[in-house]
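Read off the chains here:
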Amino acid sequence: MTQDELKQAVAQAAVDYTLTRIDDNSIIGIGTGSTANCFIDALAEHKAKFCAAVASSEASAERLRRHGIDVVDLNSAGTLDIYIDGADETNPDLELIKGGGAALTREKIVAAASKEFVCIADGSKWVDTLGEFPLPVEVIPMARSYVARELTKLDCDPVYREGVVTDNGNVILDLYNFSIPNPRETEAQINSIVGVVTNGLFAQRPADVLLLGTEEGVQKIEGNSNK
């Protein structure tokens, strides 16, 4: 199967799983990226089976609206029943790197506000140790150079993602050459730097369930909190 076919398969599996977790009063959190887009497209056939969605980016919100799905603000939605989103990397503890699409802060907020976080990914995203994918860090623009200098102390190479402005009006530094054996500790360490909004490690709030698309089919992997 091609990578696109794996994404389609895992997106359909996520729709099937979501339908077992919601009712017609449910509000679904939906993430950002190519796999999340596949999920949105597959979910559209079942839009009468839930109330509305909260999107983690303007791009996802627009895609949902094009399918006739009501998009509401998280402030009015309250706690969400479920959040579905992709990842750039996942380890066996379902700790993730996210933010390749620069939506990491809103993704992290929606994940925190959800009862259940389901990650959907193809098998290429599975790693033993996080860090091969450059770790995104969202930064207040005036602090970009200061934060970059502080990040080099972690033995990594920060690179400004030129031409990218997040939905929050901030910039992205991508951390290259950065192996991350202790994601929870590293997440807290980076977030403590003044000027950092947040980083793309989802370790303090990892996924509860991973649906992983492989050549052998979609595997359901539960996080430690679900075992």
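In this text, all values refer to a predicted model and were calculated from it rather than measured experimentally. Here, residues in each chain are numbered from 1, in the same order as that chain's written sequence. Restriction of local features to residues with pLDDT of at least 70 applies here, the model being predicted, together with a cutoff of 80 or more for giving and counting side-chain atom pairs; totals for whole chains, interfaces and linings are based on all residues. Note that water and hydrogens are dropped before the side-chain values are worked out from all heavy atoms of the structure.

(A) A look at the pairing of strand E12 (residues 209-214). The buried fraction of E12 is high, at six of six residues. Residue exposure (1.4 Å probe, protein chains only): buried if accessible area is under 20% of the type maximum, exposed if over 50%, otherwise partly exposed. The secondary structure listing takes helices from DSSP runs of H or I that are at least 4 residues long and strands from runs of E that are at least 2 residues long, numbered from the N terminus. Of the two faces of E12, the one lined by Val209, Leu211 and Gly213 and the one lined by Leu210, Leu212 and Thr214 are each fully buried. Two strands pair if DSSP finds at least two bridges between them. Pairing of strand E6 (residues 117-122) with E12 involves five bridges; the strand directions are parallel. The residue of E12 that forms the bridge with isoleucine 120 is leucine 211. Once E12 ends, the chain turns through two residues before running back antiparallel as strand E13 (residues 217-222).

(B) Looking closely at the pattern of salt bridges. Salt bridge, as used here, is a side-chain nitrogen of Lys or Arg placed within 4 Å of a carboxyl oxygen of Asp or Glu. Enumeration according to the criterion identifies 12 salt bridges in this entry. With a shortest N-O distance of 3.1 Å, arginine 106 and glutamate 58 are connected by a salt bridge. Placement of arginine 106 in helix H5 (residues 104-112) and of glutamate 58 in helix H3 (residues 58-66) is noted, with a sequence separation of 48 residues between them. By relative accessible area, which is 24% here, arginine 106 ends up partly exposed. Taking the shortest distance from any N to any O, the salt bridge between arginine 161 and aspartate 174 comes out at 2.7 Å. Pair noted here: arginine 161 is in the loop between strand E8 (157-160) and strand E9 (171-176) and aspartate 174 is in strand E9, with a separation of 13 residues, a long-range link. Classification of aspartate 174 as buried rests on a relative accessible area of 7%.

(C) Seen up close, helix H7 (residues 183-191). Within the sequence span of H7, burial applies to Pro183, Thr186, Glu187 and Ile190. Along H7, the residues classed as buried sweep out an arc of 105° about the axis, all on the same side. The directions from the helix axis to the C-beta atoms form the arc being described.

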